[in-house]
Amino acid sequence: MKVKRGVITGIIGPNGAGKSTALKTMYGFLTPSRGTVNLKGERVNGLTPSQMVARGVSFVPQNRSLFNDLSVEDNLHLGCWHFRRDRARVSRAMDRVYEMFPVLRDKARDLAGTMSGGQQRFLELARSMVLEPEIVLLDEPTAMIAPKLSRELYDFIATLPEHGVTVVLVDQNVRQCAAVSDHIYVLDLGATRAEGSSEDFGDDEDLKAMIQEWLDYEID
Amino acid sequence: MNSVLLINGLIGGVVFGAIYALIGSSLNVLVGVLRIINFAHGEFILAGGFLTYVLLTYFGINPLVALPFAAVLFFAVGYVLYYLLIPRLAHSDEPETASFLLMFGVSLMIVSVLTWIFEADVRPINFSFDPINVLLYTVENGYGEGRDAKVLVPTARLVALAINALIIVALTWFFYRTLPGKAMRAAIMNREAVQIVGIDIHRLSATAFGLAASLAAVTGVLLTLVVPSIDPNGGADLTLIGFIVIALGGLGHPVGALAAGIIFGLVEQVSNVMLPQAAAQMLGFMILVAVIFFKPSGLFGLERGR
Ligand SMILES: Nc1ncnc2c1ncn2[C@@H]1O[C@H](COP(=O)(O)OP(=O)(O)O)[C@@H](O)[C@H]1O
Ligand SMILES: [Mg+2]
């Protein structure tokens, strides 16, 4: 699997295909038993998440990862952990993230756990942005949130490459993922089944049928 | 007469309660951040007490001087001990059970070392302030005609209480106002998410282990001021008190232990002076059972994410 700089790379596949496992391995939560993870030519498997953060990689996992009994501000502040001693950078990062997500400024003092599911997703995304990451790994960011917020989230994700951010987007929502991704990998049973740009996929009838099949699974 | 006894019980309750609160807070940091049931906690406290005893008895060093020394030394011990013991537990099939057994082993080791050096004797702590007691107030004719009842409190206990209060204020400040403190609370809420924001979980855990060991040792120093003797076999009781305070105050509330400690101390000390001994011993545990029964997350709820 290759992730190109400055664009969105999508990963799709049915439940249990290994999408989350792939992201966790890229982030250093898991060490691959075979194969390597390379970042800009450096072999990074075996590195810890905190070492990946130091290399400008941030991660929004599939499961909620907020600190529910800390305020929104504290949650964002902890996102600055890596550069916490650089006061100026911390305050710049906080200002920037509040500018990106003005709702969060209004809720700065609320406990993260009291916000709605969609707002919590935004907070997680915001927290992954305070680092000013070069690469963001997103695991099903819009799963189980209201359609309107989901659209807002996609709009936001789609703008990331303009700011020079490389995105790896894991998604169950094939259509939306294809719409924003420059390149897509299809995973199943822990391995890549197919890859290509969204246009390529449009022409591949077999693949379409396969995707249709997953979508059917998911509907019921 | 009863009023004097009651007042003594209340004062004792606050003095011991503050100590219990400290035990609960430090144990809470360990259980919360590391998810480790630390059976050796009482022995860490004893180790701090014996350090004070040795420094006082053989070197004439004032416990108040021993205190910051114990704090720093045991922070370092805890920090190093973490890296020696805990990360390899992760390779075990049952890390929780393994940690439980491991810390039980550590506790037995500390007890054997202590009994080896000090034998199984209770050692006296020969230290007092001048004046030895502080007169809080006098009840005129409290013990009948012409016999005033005086409420006297050992100066050492008041000093211990004052230091204890300072430490609790400092801890509260640390946990609620500083980023490393918030990171520790965050780890209590969601240990995985702490890694996601790029916190080195081992360093944070080692720091928490160091902090807990340091607080435990400081508790041991304070205990020598409150109880003028030290018993190498007293560790298990102290550990038990720590778990009672956690159960009352709620797991993961680093400072929620404060109220729980004071409540338990007050109940214990007041019932000690007001009730027959057997009843007094039972009362504290009855409260514990009642809280677990009616409010299993503790009086102050559970501070945890997900
Ligand atoms: N390459 C792989 N090698 C071994 N096990 C894998 C691999 N990919 C996935 N798994 C296992 O499959 C299960 C589901 O993987 P997961 O990444 O959660 O799927 P998804 O996110 O696509 O739903 C997990 O238990 C994971 O350990
Ligand atoms: Mg997944």
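Residues numbered from 1 in each chain as written. Chains lettered and ligands numbered in written order. Predicted model: local features only at pLDDT ≥ 70, side-chain atom pairs only at ≥ 80, totals over all residues. Heavy atoms only, no water.

Caption draft 1: Just the site of ligand 1, in detail. Residue and element names in this part refer to chain A. Near ligand 1 lie 9 residues; those nearest to it are Gly16, Gly18, Lys19, Ser20 and Thr21. Contact distances for ligand 1 include 2.5 Å between an oxygen atom and a side-chain N or O atom of Thr21. Starting from 560 Å² of accessible surface for ligand 1 in isolation, the protein chains cover 49%. (Near = heavy atom within 4 Å. Polar contact = N/O pair within 3.5 Å; in protein donor to acceptor, adjacent residues only side chain to side chain. Areas by Shrake-Rupley, 256 points an atom, 1.4 Å probe, with all protein chains shown as cover.)

Caption draft 2: Region of the structure containing the packing of aromatic side chains. According to the stated counting rule, one finds 22 aromatic pairs over all chains in the structure shown. Considering the side-chain rings of Phe39(B) and Phe243(B), the 6.2 Å spacing of their centres and the 45° angle between planes classify their relative orientation as tilted. Pair noted here: Phe39(B) is in the loop between helix H1 (2-34) and helix H2 (41-59) and Phe243(B) is in helix H9 (residues 235-249), with a separation of 204 residues, a long-range link. Owing to a relative accessible area of 23%, Phe243(B) belongs among the partly exposed residues under this scheme. Measuring from centroid to centroid gives 4.2 Å for Phe50(B) and Phe118(B), while their planes differ by 25°, and the two rings are stacked. In this pair, Phe50(B) is assigned in helix H2 and Phe118(B) in helix H4 (residues 95-118), connecting sequence segments 68 residues apart. In this pair, the class of Phe50(B) matches that of Phe118(B), namely buried. Each member of the aromatic cluster is reached from another via a ring pair, and the members are Phe44(B), Phe75(B), Tyr79(B), Tyr82(B), Tyr83(B) and Phe209(B). The positively charged end of Arg84(A) is found above the aromatic ring belonging to Trp81(A), 3.9 Å away from the centroid. Above the plane of the ring of Phe83(A) lies Arg89(A), whose end atom (NZ or CZ) is 3.8 Å from the centre. (Phe/Tyr/Trp six-rings, centres within 6.5 Å; stacked < 30°, edge-to-face > 60°. Helix = DSSP H or I, 4+ residues; strand = E, 2+ residues; numbered from the N terminus. Buried < 20%, exposed > 50% of the residue type's maximum accessible area, 1.4 Å probe, protein only. Lys NZ or Arg CZ within 6 Å of the ring centre and 35° of its normal.)

Caption draft 3: Focus on the environment of Val159(B). All names here are of chain B. Counting through the fold element by element, Val159 comes out in helix H5 (residues 155-177). With 30 residues separating them in the primary sequence, Val159 and Phe129 have C-alpha atoms 9.2 Å apart. Dropping the residues within four chain positions of it, Val159 is found in contact with Leu64, Phe129 and Leu225. (Contact = heavy atoms within 4.5 Å.)

Caption draft 4: Main features of the interface of chain A and chain B. Counting residues at the interface gives 21 residues for chain A, matched by 23 residues for chain B. Between chain A and chain B lies a buried interface of about 1900 Å² when both sides are counted; carbon and sulfur atoms form 68% of it. Considering only the side of chain A, the residues that lose the most area to chain B are Phe67(A), Asp69(A) and Trp81(A), jointly responsible for 30% of the buried surface there. Counting across the interface, chain A meets chain B through 1 salt bridge. Residue Lys182(B) pairs with Asp74(A) through a salt bridge whose shortest N-O separation is 2.8 Å. Summed over the shared surface of chain A and chain B, the result is 2 residue pairs in polar contact (both at pLDDT 80 or more). Looking at the side of chain A that touches chain B, the elements with two or more residues in it are helix H2 (49-54) and helix H3 (72-78) of chain A. Here the side of chain A that touches chain B is built from residues that sort into 11 nonpolar, 5 polar and 5 charged. (Buried area = accessible area lost by both parts, 1.4 Å probe. Salt bridge = Lys/Arg side-chain N within 4 Å of Asp/Glu carboxyl O. Nonpolar A, V, L, I, M, F, W, Y, C, P; charged D, E, K, R; others polar.)

Caption draft 5: Representation of the packing of helix H3 (residues 63-85) of chain B against helix H8 (residues 201-226) of chain B within the structure. Residue and element names in this part refer to chain B. The interhelical angle for the contact between H3 and H8, taken along N-to-C directions, is 150°, at an axis separation of 7 Å. In terms of axis orientation, H3 runs roughly antiparallel to H8. Note on packing geometry: the crossing formed by H3 with H8 is right-handed. Split into classes, the residues belonging to the contact of H3 with H8 amount to 20 nonpolar, 7 polar and 1 charged. (Axes fitted to C-alpha atoms, helices over the stretch in contact; angles between N-to-C directions. Parallel < 35°, antiparallel > 145°, perpendicular 65-115°, else oblique. Left-handed = near helix turned anticlockwise from the far one by under 90°.)

Caption draft 6: Highlighting the nonpolar core. Counting residues in each nonpolar core, the largest one holds 96 residues, and the members touching the most others are Phe67(A), Leu78(A), Met184(B), Phe209(B) and Leu222(B). The leading source of residues in this core is H8(B), at 17 residues. What Leu78(A) contacts, discounting residues up to four positions off in sequence, is Phe67(A), Leu70(A), Leu179(B), Lys182(B), Ala183(B), Ala186(B), Val197(B) and Ile199(B). (Core = buried A, V, L, I, M, F, W, Y, C linked by side-chain atoms within 4.5 Å.)

Caption draft 7: Examining the environment of Val226(B) more closely. Residue and element names in this part refer to chain B. Its place among the elements puts Val226 in helix H8. Residues Val226 and Phe59, 167 residues apart in the sequence, show an inter-C-alpha distance of 21 Å. Residue contacts for Val226: discarding those within four places in its chain leaves Val15, Phe16, Ile19, Arg157 and Ala160.

Caption draft 8: Examining the pattern of salt bridges more closely. All names here are of chain A. Going through the model one piece at a time under the given rule, you end up with 8 salt bridges over all chains. Between Arg64 and Glu124 there is a salt bridge, with the nearest N and O atoms lying 3.4 Å from each other. You can see Arg64 sitting in the loop between strand S4 (57-60) and H3 and its partner Glu124 sitting in helix H6 (residues 117-129), a full 60 residues away along the chain. When its relative accessible area of 34% is taken as the criterion, Arg64 is described as partly exposed. Exposure remark for Glu124: the relative accessible area of 2% places this residue in the buried category. In this structure, a network of salt bridges that share partners links the residues Arg64, Arg121 and Glu124.

Caption draft 9: Seen up close, the coordination of the magnesium ion (ligand 2). All names here are of chain A. Listed as protein donors to the magnesium ion (ligand 2) are Ser20 (OG) and Gln62 (OE1); their distances from the metal cover 2.0 to 2.1 Å. One end of the pair, Ser20, is in helix H1 (residues 19-27); the other, Gln62, is in the loop between S4 and H3, with 42 residues separating them in the sequence. Its relative accessible area of 36% is what places Gln62 among the partly exposed residues. (Donors = N, O, S within 2.8 Å, 3.2 Å for Na, K, Ca; no water.)

Caption draft 10: Structural view of H6(A). Residue and element names in this part refer to chain A. Helix length check: H6 (13 residues) gives 19 Å between terminal C-alpha atoms against 18 Å at 1.5 Å per residue, within 8%. Counted residue by residue, H6 has 11 buried out of 13 residues, so it is predominantly covered. All buried positions along H6 are accounted for by Gly118, Gln120, Arg121, Phe122, Leu123, Glu124, Leu125, Ala126, Arg127, Ser128 and Met129. (Expected span 1.5 Å × (residues − 1).)

Caption draft 11: Summary view of the pairing of strand S6 (residues 166-170) of chain A. Residue and element names in this part refer to chain A. A large share of S6 lies buried, amounting to 5 of its 5 residues. Neither face of S6 is exposed, since Thr166, Val168 and Val170 on one face and Val167 and Leu169 on the opposite face are all buried. Relative to S6, strand S1 (residues 8-12) runs parallel, the two sharing 4 bridges. Within S6, the residue paired with Gly10 across the bridge is Leu169. Taken together, the 5 bridges between strand S5 (residues 135-139) and S6 define a ladder with parallel strand orientation. When the sheet's bridge partners are listed, Ile135 is paired in S6 with Thr166. Between S5 and its parallel partner S6, the chain crosses via helix H7 (residues 147-159), and the hand of that crossover is right-handed. (Pairing = 2+ DSSP bridges. Right-handed = clockwise from strand over helix to strand, strands pointing away.)

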